[in-house]
Amino acid sequence: MTSHSHIAANLADVQARIAAQAKAWNRSPDDVHLVAVGKTHSAEAMEAALAAGHRLFGENRVQEAAAKFPALRARYPDLKLHLIGPLQTNKIRQAIETCDAIQTVDRDKLAQGIAAELAKSGRHIDLFIQVNSGEEEQKAGIHPRDADDFIRRCREEYKLPIVGLMCIPPADEHPAPHFALLGEIAKRHGLTQLSMGMSGDYELAIQMGATHVRVGTAIFGARETKA
Ligand SMILES: *Cc1c(COP(=O)(O)O)cnc(C)c1O
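Calculation criteria
- Residues numbered from 1 in each chain as written.
- Predicted model: local features only at pLDDT ≥ 70, side-chain atom pairs only at ≥ 80, totals over all residues.
- Heavy atoms only, no water.
- Helix = DSSP H or I, 4+ residues; strand = E, 2+ residues; numbered from the N terminus.
- Rg over C-alpha atoms; globule rule 2.2 N^0.38 Å.
- Buried < 20%, exposed > 50% of the residue type's maximum accessible area, 1.4 Å probe, protein only.
- Lys, Arg positive; Asp, Glu negative; His and termini not counted.
- Charge placed at Lys NZ, Arg CZ, Asp CG, Glu CD.
- Disulfide = S-S within 2.5 Å.
- Contact = heavy atoms within 4.5 Å.
- Near = heavy atom within 4 Å.
- Polar contact = N/O pair within 3.5 Å; in protein donor to acceptor, adjacent residues only side chain to side chain.
- Areas by Shrake-Rupley, 256 points an atom, 1.4 Å probe, with all protein chains shown as cover.
- 1 Å grid on protein atoms, 1.4 Å probe; cavity = no way out; pocket = protein on both sides within 12 Å on 5 of 7 lines; lining within 4 Å.
- Sits in = over half its atoms within 2 Å of the grid points.
- Nonpolar A, V, L, I, M, F, W, Y, C, P; charged D, E, K, R; others polar.
- Points joined across faces, edges and corners; volume = space filled by probe spheres on them.

A.B. asks: Help me out: how do you make sense of the overall build of the protein chain in this one?
C.D. replies: The helix and strand tally for the protein chain stands at nine helices and eight strands. Against the compact-globule benchmark of 17 Å for 227 residues, the protein chain has a radius of gyration of 17 Å, which places it among compact chains. In terms of overall dimensions, the protein chain has a C-alpha envelope of 50 × 40 × 30 Å along the principal axes. Within the protein chain, the fraction of its 227 residues that count as buried is 49%. Taking the average place of the 27 positive charges on the side chains of the protein chain and the average place of its 28 negative ones, the gap between the two points comes to 3 Å.

A.B. asks: What exactly am I supposed to notice about the state of the cysteines here?
C.D. replies: Here is the idea: a disulfide is a covalent bond, and it sits between the sulfur atoms of two cysteines. Summed over all chains, the structure comprises zero disulfides. Not engaged in a disulfide, the cysteine C99 finds its nearest cysteine sulfur in C154; these two sulfurs lie 18 Å apart. Residue classification places C99 among the buried positions, given a relative accessible area of 1%. For C167, which is in no disulfide, the shortest distance to another cysteine sulfur is to C154 and amounts to 17 Å.

A.B. asks: Where do I start with the environment of P170 in this structure?
C.D. replies: For P170, the location among the structural elements is in the loop between β6 (162-167) and α7 (176-188). Residues P170 and K159, 11 residues apart in the sequence, show an inter-C-alpha distance of 31 Å. Look past the residues within four positions of P170 in its chain and what remains in contact with it is G134, E136, K139 and H178.

A.B. asks: Sorry if this is basic, but what is going on with the site of the ligand here?
C.D. replies: Taken together, 13 residues form the shell around the ligand, and within it K39, S199, G216, T217 and R223 come nearest. Between the ligand and the protein, one listed contact pairs an oxygen atom with a side-chain N or O atom of K39 at 2.6 Å. Between the ligand and R214 there is a distance of 2.9 Å, counted from a nitrogen atom to a side-chain nitrogen or oxygen. When isolated, the ligand has an accessible area of 390 Å², and the protein chains bury 89% of it. Placement of the ligand is best described as lying within the largest pocket. Its residues assigned to classes, the shell around the ligand shows six nonpolar, four polar and three charged.

A.B. asks: What's the story with the layout of surface pockets in this structure? I'm lost.
C.D. replies: Rolled over the atoms, a probe as big as a water molecule pinpoints where empty space is left. As a volume, the largest pocket reaches approximately 720 Å³. If you go around the largest pocket, you meet 28 residues; those closest to its centre are K39, N60, K139, I168 and M198. Looking at side-chain class alone, the lining of the largest pocket contains 13 nonpolar, eight polar and seven charged residues. Of the pockets and cavities examined, the second largest pocket occupies roughly 260 Å³. Along the walls of the second largest pocket sit H33, H54, R55, L56, K80, H82, D100, D126, F128, V163, Q193 and H212, which together make up its complete lining. Of all the secondary structure elements, the ones that give two or more residues to the lining of the second largest pocket are β3 (80-83) and β5 (126-131).

Printed below as a string of structure tokens:
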């Protein structure tokens, strides 16, 4: 666990690296959003980041998001929370209530359920489609060969506010081809937001066009429990 004073310093370091990397590739630092991934870390750890001025967070489980963030949001109304982990259809309502974006839309049943719940709630949230770029069996996400049709159905049939794509490259492969593939699919569909890059590879992701990097360990320290 990282002490709370370290969190502010880690955050400043990651932000400086993001800014430097954006500049190196002629991108505006404002176009690269740092999603601070707080899974398994306490609300106090989130609070340390909030006190340092950070506002954008990611959680990979709805239940953990719902346990930690409503109280923080009451005190920091401008905080934004993205769901970055797999979503079960029975948790759609809670996800939409708790989060400002869902980055893991990856199948029709989920897309239809989100559409129905958005209509019912009147909430507006941003949606990303998760692409399983490495076609890993244990990993969520639409397979690249099915992505074009799925993106079209989400936008045209289900009328979902899809803003971009997200991927988690296989841990044992170089991420570059996966980042490139995500960018190619997004470009075909005129999608401008790319959520890719984690603690180990966010600088490369920025070089390759990431608009959202999801960084946990480099900010909050190593996770004690597996998320
Ligand atoms: C945990 C997690 C991250 C952050 O990973 P780190 O290596 O700790 O930066 C990013 N994306 C997703 C989907 C995650 O579940």
